[in-house]
Structure formats: C-alpha cells, structure tokens
Amino acid sequence: MTTVSRRTLLLGAAATACAPARRRNLNSLVVGLTYDIDTLNVYSTGFLGDVPAAVVEGLLAPDADARYVPVLATNVPTVANGGIVLTPEGGMTITYRLRPGVRWHDGASFTSADVAFTWRAVGNPAFIAESKDGTEDIIAIETPDALTVVCHYGKVVPGFATTLFTFGILPRHLLDGVDLNTAPYNERPIGTGPFRVTDFRRGQYVLTERNPHYWRRDAAGRQLPHLDSLIFKIIPNSNSLLMQIRSGELDLVVATPYDQAKQMGALDGIDLVRSPLLQWQHLDCNFRNPALQDRQVRLAIAHAVDRTALVRALGGFPQPITSVVVPIFPFHDPATPTPGHDPARARAILDAAGWRVDGDGVRARDGRRLDFRFIVQAGKGDDELAQQVIIAQLQAIGILARADNRAGVAYRQARYKGDFDLIYSAWVTGADPIYSRFFASDGANNSLAYANPELDAVLATMEGTLDAEARRVAAFAMQRILAHDLPTIPLTTNVAVVTKRRALTGFTPNPTNMTPFVGAAYWRLDA
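This text gives an overview of the structure that appears in the document. These numbers were taken from a predicted model, which means no experiment stands behind them.

## Quick look at the overall build of the protein
Point 1. Looking only at helices and strands, the protein has 15 helices and 22 strands in total.
Point 2. Rg of the C-alpha trace for the protein: 24 Å, near the compact-globule value of 24 Å for 527 residues, within the 12% margin.
Point 3. Seen through its principal axes, the protein has C-alpha atoms that stretch 70 × 65 × 40 Å.
Point 4. Within the protein, residue pairs in contact and separated by at least 24 positions form 70% of the contacts whose partners lie at least 6 positions apart.
Point 5. In the structure as shown, the protein presents an accessible area of about 20,300 Å², 52% of it carried by carbon and sulfur atoms.
Point 6. Averaging the coordinates of the 52 positive side-chain charges in the protein and doing the same for the 52 negative ones gives two points 5 Å apart.

In structure tokens:
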C-alpha cells in the first residue's frame, strides 16, 4: 500500500467496506481526536498531548494507576533510593540515571545534554510556552557524564515529576540556537518515542510511522512498537465521530462524547471501555467583569447550578463533585463547604444585593445587567449540552448567559486570554496535581484575573514540602478558600469512555494528563 493510498483512506475519500481490512493489513491504527491541534510541541500546546505522547518521551511517566514509572530514566528518584537529597539550605538535589542506547528519531544518541538543554529552552523567557512549570524551581543542572543528570532545586518541590522532564525531552542537536516559537519542530517533532511524525495538516490529520530506532522491547524480546503507524484524524464534531466509527473509518476514540457513547458501544466489533480520570468539570467566573467581582453574584450562580441535572443530561457518566480535588486523592476534603442547589436561596441573595429583575426577566443594578458571554468548545457535544442546562438554570434566577462558543485554536485563545465572562470546561491533572497553575495569582492557567494572597501562601506551603500531613492541611485550606471565593464552581468528575475496535489489544487507559498514548508502543491489531 502506498503513502497516497493511506492518505486517501485517512481523508475518507471512499468509505468502502474493505477500508478497515486495508488498515489492518497495513497494521495502522486510525484515531479520532475530538479537538483541533495548535502545535505538536508538547510544551506549547493548549490541548491534551495525545500525539506528542506517542512521539516524545520524558524521563518518567505516570502509568495506568497514576504511579510514576521510569521511561528515559532508569528509576524514579526518591529519598529512599538516594535519588533525592534534601539540602541544609532548604532545597533538594535530584539525580537521574539515564537509559543507555536510546536514540532520537534521526538516529542521534540521547544524552544528559538533551535534558539540560530542555530545562534551558523551556525556561527561556523568549519561548512562549503553555506552561513553564518546573523550570523556575531548578537553579542549576550538572551533567557529569552522558548518562547522569543532577538537578539542583532552590526549594523542596514534591510535585517535580508532574512538570518538567516528564512531558518530554527536546533534542539539543536539532534545536540549540533555534527559535522554539517558530521552529519546524513544532509541526514535525523529533523524539525518542515509538512513533515519528511524517505529516501534519492543521484541522485535518497527523500521520505517524513506526520508529525503527525505538529502544523498548516487549516481554518476548520483540522490538516495539507493534503497530506500523498511528493516524490521527481531527474530528471535533461528535456526530461525525459516530458516523466514522460506524463506517469503519476509525479504530479508536479515547474521549468518546457521552451523548454518543451508548450508540458507539452497541456497534458490532466495538468495545466501550470506562476508566477513571483525574479530571473535573467546572464553571468559572471571570473577575474582569465587574458584576462577577461581586461574590454575591458568584454565590447565587453556585446555588443555581444543579449537578444532578447535569449528570442526568450527560447519560449518568460523570459523578457530582464539590471540590477541585477529586476524591481519589488523599488530600480531598469531603467536608468542603460548598453551596448546594437552591434556586430560591440564589434569588434571595441577588435581591438582598440589589440585583433587581427588569421587565425582560434579567437582573440589573446601577445600570449593569447580569448578562454574560458564556463559552464552551464548539462542536464538543457534551459541553454544549451541559451549557444549555446551565443557561436554563441561570435564567431561572434572573441571569442571562449567552452562548459564545469557539472552535479549535480560537477556543484555546479565548480560554487562556480570558475572553469570556463564564466558561464551562475541564482540567485534567497529573498524578500529583500542581494547583497553583490554576489558582495562584500568577498561575499559568489562571485566566480569571482571580488573585488571593492568602491562597498564594497556602499553595506555596502545599507545593513546597515533602511532609504528607503538612500538604494535606494546606490542601484542605485551599479547598475552603476556593469554596468561599468561588472563582470556580467544581461540578463533576469524569470518567474516560474509550471506544475501540475489538481487534485492538494491549490498550491500557491512563487517568492522567499524559493520556493513554504513553502506552501506544504496546498496542496491536489482531487479525
């Protein structure tokens, strides 16, 4: 089969009955992504890095149980194994031993110099990254030999594995001296992972092929990956996903829309896999809007939203949640005081605060109306459905929320620049979440213009000690502050619903923001 034929199949020019068989003969897996892709640079993208996770590798990665395991490093540094040493000055030193014999996609050797370069490149102020978490914590890196990296930290960072060096290492021999904002790497990344990118068409697809230099082998000693290629089709519309699963054009959807899940699961030869996610859906208030600076308005919104109705509308898949810390974590506080569903209470709060209902049913005060632009990601059926439920619930208390949805990169830009009044979306975290990125005054993902110095201090404590009990106490304080200030209203915690062709074996879900594609080397298509 030629490249042209494969691309023709990818683009769906002819959804013939023999198309799935052709893919299996090619040993190629076709994946449906539910979002557009802005860049393939894992440090720049504002979306989940499904494609990068199959292409680039970090020193560590979370497994299916959200436990960190070694990848390009030979073990996970801990105090017990001597990989982490606390310093008298209040910092720490982490030593990584690197795996020998690893090569980049172009055949060059992977060394400690690449790790040190990644720290410098991501931390470079000129580089526009989605997050630079972890770079500022390291004050120096030593590379005494090609397979040893010694990282010196100015403070104790318990969540070091969640940030830098886990998402991916950059190739120094290709990027040293190159502007990472405009580098060809962003469209054709070179990694050490099981697959390498061969073509990327924005809004359409990403083609990858097997990495012939891949270092990992399976239990029988066979070189991985098993598949010859991964083909990613960008299909933000949930109805199109269903049609292409039904026609045999797709083999895998790792984020199946809830509103399509039952139909997909009923198809012949299809398995529906449910797995937990370290994710929560939330409704956020932008403090740039003067009306939303009024805590009484935010409190009324919190009382208006009915989580039970949201869960019911979404097919019963999500579970209600009242904290930004999902219950799987030991520092989840089930006693966090969260406003419950009480529309009458919401209306009374607004009345008392002077927000009176006008003739059109919308509340106003001093000439300012409770009329908000409300965005979700366009084409994402679950979010659009939840949005309509929330719009109706807010209307019942005299608040007008107008859908102002954006697709693809436009949605990402609106989300990160704060171009909205209300936003319904989800955060998915690593195995040791860094909450300061969402809620600290200078958090990389805090687009709400929300700032609370008391919370900043609590987050600094929570993310600055290895003492589990001190972290738990700080986490409880964080949850209480957020429940009072209400910049965000946690609504549900989700499950991943994976739609996969039954012939795909070896697939393992991953509950973290590293996505299941960290395990793609082990997937195979059986006849």
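## Concerning the pairing of strand 18 (residues 400–403)
Point 1. Of the pairings in the sheet, the one linking strand 17 (residues 371–375) to strand 18 comprises four bridges and is parallel in character. Within strand 18, the residue paired with D371 across the bridge is L400.

## Here we look at the layout of surface pockets
Over the atoms rolls a probe the size of a water molecule, and in doing so it shows where empty space is left.
Point 1. There is about 490 Å³ of room inside the largest pocket.
Point 2. The wall of the largest pocket is formed by 23 residues, among which D133, E136, I434, S436 and E463 lie closest to the centre.
Point 3. At the level of secondary structure, the elements contributing two or more residues to the lining of the largest pocket comprise helix 13 (436–439) and helix 14 (453–462).
Point 4. Looking at which element gives the most residues to the lining of the largest pocket, the answer is helix 14, with three residues.
Point 5. Broken down by class, the residue content of the lining of the largest pocket amounts to eight nonpolar, six polar and nine charged.

## Focus on the pattern of salt bridges
Point 1. In the structure shown here, the tally under the stated rule is 26 salt bridges.
Point 2. Its salt-bridge partner being D351, residue R363 comes within 2.7 Å of it at the nearest N-O pair. In this pair, R363 sits in strand 15 (residues 363–365) while D351 sits in helix 10 (residues 343–352), placing the two residues 12 residues apart along the sequence.
Point 3. Judged by its relative accessible area of 31%, D351 falls in the partly exposed class.
Point 4. In this structure, the salt-bridge partner of D360 is R369, at a minimum N-O distance of 2.9 Å.
Point 5. Overlapping salt bridges bring together D360, R369, D371 and R402 as one network.

## Description of empty space enclosed by the protein
Point 1. Taken as a whole and assessed by the stated rule, the structure comprises four cavities of 30 Å³ or more.
Point 2. In this structure, the second largest cavity encloses a volume near 90 Å³.
Point 3. Looking at the lining of the second largest cavity, the elements with two or more residues in it are helix 15 (468–485) and strand 20 (488–501).
Point 4. Of the residues contributing to the lining of the second largest cavity, the split by class is six nonpolar, six polar and one charged.

## A short note on helix 10
Point 1. For helix 10, the full list of buried residues reads A346, I349 and L350. The arc that holds the buried residues of helix 10, viewed along the axis, is 95 degrees, so those residues lie on one side.
Point 2. At its buried positions, helix 10 is contacted by helix 8 (295–304) and strand 15.
Point 3. Downstream of helix 10 by one or two residues, G354 has phi in the positive range, about 90 degrees.

## Details of a nonpolar patch on the surface
Point 1. On the surface, a cluster of nonpolar side chains totalling about 260 Å² of accessible area is made up of V79, L86 and L466.
Point 2. Looking at where V79 falls in the secondary structure, it is placed in the loop between strand 3 (68–70) and strand 4 (84–86).

## Observations regarding the sheet that holds strand 14 (residues 356–357)
In a beta sheet, neighbouring strands are held together by backbone hydrogen bonds and run either parallel or antiparallel to one another.
Point 1. An order of 14-15-16 is seen for the three strands of this open sheet, with the pairing classed as antiparallel. Of all the strands in the sheet, just strand 14 and strand 16 (368–369) have a single pairing partner and so form its edges.
Point 2. In terms of strand pairing, strand 15 meets strand 16 through two bridges, oriented antiparallel. When the sheet's bridge partners are listed, A364 is paired in strand 16 with R369.

## A word on the packing of helix 14 against helix 15
Point 1. In contact at an axis separation of 8 Å, helix 14 and helix 15 are set at 155 degrees when each is read in the N-to-C sense. The pairing of helix 14 with helix 15 is recorded here as roughly antiparallel in orientation. Between helix 14 and helix 15 the crossing geometry is left-handed. Contact with helix 14, carried on its side by E454, L455, V458, L459, T461 and M462, involves R471, A474, A475, A477, M478, I481 and L482 of helix 15 and no other residues of that element.
Point 2. Here the contact of helix 14 with helix 15 is composed, by residue class, of 10 nonpolar, one polar and two charged.

## Structural notes on unusual backbone geometry
Point 1. Cis geometry marks the peptide bond from L224 to P225, where omega comes out at 0 degrees.
Point 2. Within the secondary structure layout, P225 lies in the loop between strand 9 (205–210) and strand 10 (229–234).
Point 3. Backbone geometry places D366, a non-glycine residue, at a positive phi of 55 degrees.
Point 4. Within the secondary structure, D366 sits in the loop between strand 15 and strand 16.
Point 5. Owing to a relative accessible area of 77%, D366 belongs among the exposed residues under this scheme.

## Concerning the nonpolar core
For soluble globular proteins, nonpolar side chains are generally found buried alongside one another.
Point 1. Within the largest apolar cluster, 79 residues are counted, with the highest numbers of intra-cluster contacts made by L59, Y96 and F165.
Point 2. Per-element tally for this core: the top contributor is helix 4 (residues 112–123), with six residues.
Point 3. Discounting chain neighbours no more than four positions away, the residues touching L59 are P70, V71, L72, A73, Y96, L98, F110, V115, F165 and I169.
Point 4. The next biggest cluster of nonpolar side chains, apart from the first, holds 40 residues, and it includes L283, L370, F374 and A386.

## What about the pairing of strand 6 (residues 138–145)?
In regular strands, side chains alternate between the two faces of the sheet.
Point 1. In this structure, strand 6 lies alongside strand 7 (residues 148–153), joined through five bridges in antiparallel fashion. Within the sheet, the bridge partner assigned to D145 lies in strand 7 and is T148.
Point 2. Between strand 6 and strand 7, which pair antiparallel one after the other, the connecting turn spans two residues.

## Let's talk about the packing of helix 6 (residues 238–247) against helix 7 (residues 258–265)
Point 1. One way to put it is that helix 6 packs onto helix 7 with a least axis distance of 10 Å and a crossing angle of 10 degrees. Our classification of the angle between helix 6 and helix 7 gives roughly parallel. When helix 6 is examined against helix 7, the residues S238, N239, L241, L242, I245 and R246 are found in contact with a partner set consisting of D259, Q260, Q263 and M264.

How each quantity is defined
- Residues numbered from 1 in each chain as written.
- Predicted model: local features only at pLDDT ≥ 70, side-chain atom pairs only at ≥ 80, totals over all residues.
- Heavy atoms only, no water.
- Helix = DSSP H or I, 4+ residues; strand = E, 2+ residues; numbered from the N terminus.
- Rg over C-alpha atoms; globule rule 2.2 N^0.38 Å.
- Contact = heavy atoms within 4.5 Å.
- Areas by Shrake-Rupley, 256 points an atom, 1.4 Å probe, with all protein chains shown as cover.
- Lys, Arg positive; Asp, Glu negative; His and termini not counted.
- Charge placed at Lys NZ, Arg CZ, Asp CG, Glu CD.
- Pairing = 2+ DSSP bridges.
- 1 Å grid on protein atoms, 1.4 Å probe; cavity = no way out; pocket = protein on both sides within 12 Å on 5 of 7 lines; lining within 4 Å.
- Points joined across faces, edges and corners; volume = space filled by probe spheres on them.
- Nonpolar A, V, L, I, M, F, W, Y, C, P; charged D, E, K, R; others polar.
- Salt bridge = Lys/Arg side-chain N within 4 Å of Asp/Glu carboxyl O.
- Buried < 20%, exposed > 50% of the residue type's maximum accessible area, 1.4 Å probe, protein only.
- Arc of directions from axis to C-beta.
- Patch = residues over 30% accessible without salt bridge, like charges linked within 9 Å, V, L, I, M, F, W, Y side chains within 5 Å.
- Axes fitted to C-alpha atoms, helices over the stretch in contact; angles between N-to-C directions.
- Parallel < 35°, antiparallel > 145°, perpendicular 65-115°, else oblique.
- Left-handed = near helix turned anticlockwise from the far one by under 90°.
- Core = buried A, V, L, I, M, F, W, Y, C linked by side-chain atoms within 4.5 Å.

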